[in-house]
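# Survey of secondary and tertiary structure
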Amino acid sequence: MSEEKSLHFLEEIVEKDLSTGKHTSIHTRFPPEPNGYLHIGHAKSICLNFGLADKYGGKTNLRFDDTNPVTEDTEYVESIKADVRWLGFDWEEEHYASDYFDQIYVLAISLIKKGLAYVEDMTAEEIAASKGTPTEPGRESQARSRTVEENLSLFTAMKEGKYNDGEKVLRAKIDMSSPNMHMRDPIMYRIKKTSHHRTGDTWCIYPMYDFAHGQSDSIEHITHSICTLEFEVHRPLYNWYVEQLGTFPSTQYEFARLNLTYTVMSKRKLLQLVQEKLVDGWDDPRMPTISGLRRRGFTPLSIRNFCERIGVQRRENIIDVGLLEFCIREDLNKVALRRMVVLDPIKLIITNYPDGSTDILKGENNPELEDNGGYRDMPFTKELWIESEDFQEVPQKKWFRLAPDMKVRLKSAYIVHCTGFKKDETGKVVEVHCEYIPESKSGQDTSGINVKGTIHWISAEHALDAEVRLYDRLFQAEDPSDEEGDFKLNMNPNSLEIIPTAKIEPSLKDAKPGDQFQFIRKGYFTLDSKFTTEDKLVFNRTVTLKDAWAKMTSR
RNA sequence: UGCCUGAUAGUAUAAUGGUAGUACGACAGAUUUUGGUUCUGUUUGUCUUGGUUCGAAUCCAGGUCGGGCAACCA
């Protein structure tokens, strides 16, 4: 019995196109502009485009939409390729709109020859003014009446650099009174005497998105050109170029972009955070970028699962970041090695344990794996570090950790009975005193004692120091862009907490950047790839564990 | 007050004229050497008004509310 998985609207379109013979196979593309780093919203588009082709035996190209030399850079090209690969996708062909500049130029010439494009002399301001408004029609430009020959020679002169930026543009001759603003003689080419990251100074005229994008799709025989909803009103123009030029009829389809609670997703805003140094670069672990999520400890699988779960539709949405957290916990629970780390240490002294003696205990690597994923050694001694929050001088109700006269299990070790504690001058508890129960050793417990609480610990003598970085949401508002004023006013001042000297168990010293761990009872962590050095380990918290106790006490 | 577009639990997403279901969340319980995991149960929904129909979330008409569109950006 196979559960019928329902199709989303794009899958339905593809199945229909395939069954009606409109297409015998499909070809999609992921078309980023290399002017920034990819974020989780792009991941949705990547999963969609590659996923669709995968599912229906088609192909997907990676194409850089590099038609604006002012904002683009090879740094971005490289990061985008790395991110797509890291997510687990391999493109069929790698292309650049700039590789098509010759072909696109020829197409422009042919539109001029058909009398469907003309060279404009007006300034940007004048053009904008003559375009009218959404409710009022625009005015036709005098340049509209130029002859084909005149347009041809003017356009050639543009290409040859005879004019400066802004002096001339090439416009499509469509309809200045169209209810769709994009059809009011849109600009096809503008002059930019800026070096392009790939074509250098070969060109000084560059095609606009609407002209270049659709025609690039046609050149690559893209069957389904998938983009986000804001391009919906561009579709008539996209189709107009295809029809007038008789090029391959790629078809544009739109879906709703991803929004996530407590973060921003626009490249412009993310760039601001980077430039104003409000975060530590594009790959800051708090950023919703692919590189940030990677450094934070997210896995490609968790992101792909997330994209699968959120679905694809045409309605505006804002996804609860809790779903992303669920997806990473779901994955990491199955693969992350369990380790003991004490973030805020106090001493636990086992008064009836022999001085100078060391017991080597076995700790399971991961209870979710077969044979617990194997075991690592954990030295046990008289003096241990435990989490200060695991002791309460006066226990609140339902407390089942340490408190005077209470018993807890030390994970993978013994049950201990609290006999006392010591405070410093300020009244802060600095030592907890316990007696251990020798017959309660983990795995061979004959004590018959049942305890409710289990806590983590590290031998003080063997513990190592490491820096641990705890991250929280970057913004305090669910939808920072929706708030009054500058979105940056909504930043969470406590989105990063650095613990300079956490106590970590010895086996962690061989961790490699990117390794993933569950620090028992604390959360999932990964070794940071940027700040870790020979003699200093830096761990990033990917996500906390679900914490029923914290939830209960916060009520 | 033009054009395009959308509206199903808190958030997403199914049901394609025939029992409104699923996931995340929330709540309750069981299991647990992680207050984790796992398991069980509960909770909450078709924007509105008409119409067509034996039957409407679905089709039709009007309304309401949301998003997008007037860069030589993509």
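Another point: helix 7 (residues 209-219). With respect to burial, helix 7 is a largely interior element, 9 of its 11 residues being buried. Among all positions of helix 7, only Asp 210, Phe 211, Ala 212, His 213, Gly 214, Gln 215, Ser 216, Asp 217 and Ser 218 are buried. One or two residues past the end of helix 7 sits His 221, with phi positive at roughly 55°.

What follows concerns the sheet that holds strand 7 (residues 205-207). In space, the 4 strands of this open sheet follow the order 4-5-6-7, with antiparallel pairing throughout. On the outer flanks of this sheet lie strand 4 (117-120) and strand 7, each paired with one strand and no other. Going from strand to strand, the sheet's axes swing by 20° on average, the running direction of each strand aside. By the bridge criterion, 3 bridges tie strand 5 (residues 169-172) to strand 6 (residues 187-191) in an arrangement that is antiparallel. Residue pairing in the sheet places Val 169 in a bridge with Arg 190 of strand 6. In this fold helix 4 (residues 101-113) packs onto strand 4, strand 5, strand 6 and strand 7, with an angle of close to 120° to the strand it touches most, strand 6.

Under the counting rule described, the total for this entry stands at 42 salt bridges. With a shortest N-O distance of 2.6 Å, Arg 63 and Asp 217 are connected by a salt bridge. Of this pair, Arg 63 sits in strand 2 (residues 59-64) while Asp 217 sits in helix 7; the two residues are 154 residues apart in sequence, bridging distant segments of the chain. On the basis of relative accessibility, which here comes to 0%, the residue Asp 217 falls in the buried class. Close ionic contact of Asp 390 with Arg 401 constitutes a salt bridge, the shortest N to O distance being 3.1 Å.

It is worth spelling out the protein's contact with RNA strand B at this point. RNA strand B sits among 64 residues. The nearest are Glu 12, Arg 338, Ser 442, Gln 518 and Lys 551. Near the protein, meaning within 4 Å, the atoms of RNA strand B are sugar or phosphate in a fraction of 63%, with bases accounting for the rest. Note that a phosphate oxygen of RNA strand B is positioned 3.1 Å from one of the side-chain N or O atoms of Lys 192. Separating a sugar or linking oxygen of RNA strand B from a backbone N or O atom of Trp 549 is a distance of 3.2 Å. Split by residue class, the surface near RNA strand B holds 23 nonpolar, 17 polar and 24 charged.

To continue, consider the pairing of strand 6. For strand 6, a buried count of 4 out of 5 residues is recorded, marking the element as mostly surrounded by other parts of the structure. Pairing analysis gives 3 bridges linking strand 6 to strand 7, with the strands arranged antiparallel. Within strand 7, the position partnered with Ile 191 by the bridge is Ile 205.

The next point concerns the layout of surface pockets. Unfilled space is identified by rolling a water-sized probe across the atoms. Roughly 1,000 Å³ of internal volume is contained in the largest pocket. Lining of the largest pocket is provided by 33 residues; of these, Glu 33, Tyr 209, Glu 230, Phe 231 and Lys 267 occupy positions nearest its centre. Of the residues belonging to the lining of the largest pocket, the class tally is 13 nonpolar, 10 polar and 10 charged. By volume, the second largest pocket is sized at about 760 Å³.

Let us look at helix 11 (residues 300-310). Where helix 11 is concerned, the buried positions are Ser 302, Ile 303, Phe 306, Cys 307 and Ile 310. Here the buried residues of helix 11 occupy an arc of 140° about the axis, which is enough to place them on one side.

The buried fraction of strand 9 (residues 251-255) is high, at 5 of 5 residues. Along strand 9, one buried face is formed by Thr 251, Tyr 253 and Phe 255 and the opposite face, lined by Gln 252 and Glu 254, is buried too. Of the pairings in the sheet, the one linking strand 8 (residues 224-228) to strand 9 comprises 5 bridges and is parallel in character. Within strand 9, the position partnered with Ile 226 by the bridge is Tyr 253. Handedness of the crossover is the feature at issue here: the chain leaves strand 8, passes through helix 8 (residues 235-245), returns alongside strand 9, and the resulting connection is right-handed.

Before going further, it helps to examine the environment of Ser 266. Structurally, Ser 266 can be placed in the loop between strand 9 and helix 9 (267-275). Placed 21 residues apart in sequence, Ser 266 and Met 287 show a C-alpha to C-alpha distance of 12 Å.

A contiguous patch of negative charge on the surface is contributed by Asp 320, Glu 478, Asp 479, Asp 482, Glu 483 and Glu 484. Position of Asp 482 relative to the elements: it lies in the loop between strand 21 (464-471) and strand 22 (496-504).

A word on empty space enclosed by the protein. In total, this model carries 1 cavity of 30 Å³ or more according to the counting rule given. Of the voids in this model, the largest cavity is the one considered here, and its volume is about 50 Å³. Lining the largest cavity are Met 340, Met 378, Pro 379, Trp 457, Ile 458, Ser 459, Glu 505 and Pro 506. Class assignment for the residues of the lining of the largest cavity results in 6 nonpolar, 1 polar and 1 charged.

Its place among the elements puts Asp 284 in the loop between helix 9 and helix 10 (290-296). Take Asp 284: its relative accessible area is 2%, and that puts it in the buried class. Once residues lying within four places of it in the same chain are set aside, the contact partners of Asp 284 are Val 279, Gly 292 and Arg 295.

The tally for this structure, following the rule as stated, stands at 25 aromatic pairs. Ring plane angle 15° and centroid distance 4.2 Å describe the contact between Phe 519 and Phe 525, whose orientation is recorded as stacked. Owing to a relative accessible area of 1%, Phe 525 belongs among the buried residues under this scheme. Within the aromatic cluster, the residues linked to one another by ring pairs are Phe 101, Tyr 105, Phe 155, Tyr 189, Trp 203, Tyr 206, Phe 211, Trp 240 and Tyr 241. The residue whose ring lies beneath Lys 159 is Trp 203, and the NZ or CZ to ring-centre distance is 5.4 Å.

What follows deals with the sheet that holds strand 16 (residues 407-410). Two pairing modes exist for strands in a sheet, parallel and antiparallel, and in both the strands are linked by backbone hydrogen bonds. Taken in spatial order, the 7 strands make up an open sheet running 19-16-17-18-12-15-20, and their pairing is mixed. Single-partner strands in this sheet number two, and they are strand 19 (454-455) and strand 20 (457-459). With 2 bridges connecting them, strand 16 and strand 19 associate as parallel partners. Across the sheet, residue Arg 409 finds its bridge partner in strand 19, namely Thr 454.

Cut-off values and rules
Residues numbered from 1 in each chain as written. Chains lettered and ligands numbered in written order. Predicted model: local features only at pLDDT ≥ 70, side-chain atom pairs only at ≥ 80, totals over all residues. Heavy atoms only, no water. Buried < 20%, exposed > 50% of the residue type's maximum accessible area, 1.4 Å probe, protein only. Helix = DSSP H or I, 4+ residues; strand = E, 2+ residues; numbered from the N terminus. Pairing = 2+ DSSP bridges. Axes fitted to C-alpha atoms, helices over the stretch in contact; angles between N-to-C directions. Contact = heavy atoms within 4.5 Å. Salt bridge = Lys/Arg side-chain N within 4 Å of Asp/Glu carboxyl O. Near = heavy atom within 4 Å. Polar contact = N/O pair within 3.5 Å; in protein donor to acceptor, adjacent residues only side chain to side chain. Nonpolar A, V, L, I, M, F, W, Y, C, P; charged D, E, K, R; others polar. 1 Å grid on protein atoms, 1.4 Å probe; cavity = no way out; pocket = protein on both sides within 12 Å on 5 of 7 lines; lining within 4 Å. Points joined across faces, edges and corners; volume = space filled by probe spheres on them. Arc of directions from axis to C-beta. Right-handed = clockwise from strand over helix to strand, strands pointing away. Patch = residues over 30% accessible without salt bridge, like charges linked within 9 Å, V, L, I, M, F, W, Y side chains within 5 Å. Areas by Shrake-Rupley, 256 points an atom, 1.4 Å probe, with all protein chains shown as cover. Lys, Arg positive; Asp, Glu negative; His and termini not counted. Charge placed at Lys NZ, Arg CZ, Asp CG, Glu CD. Phe/Tyr/Trp six-rings, centres within 6.5 Å; stacked < 30°, edge-to-face > 60°. Lys NZ or Arg CZ within 6 Å of the ring centre and 35° of its normal.

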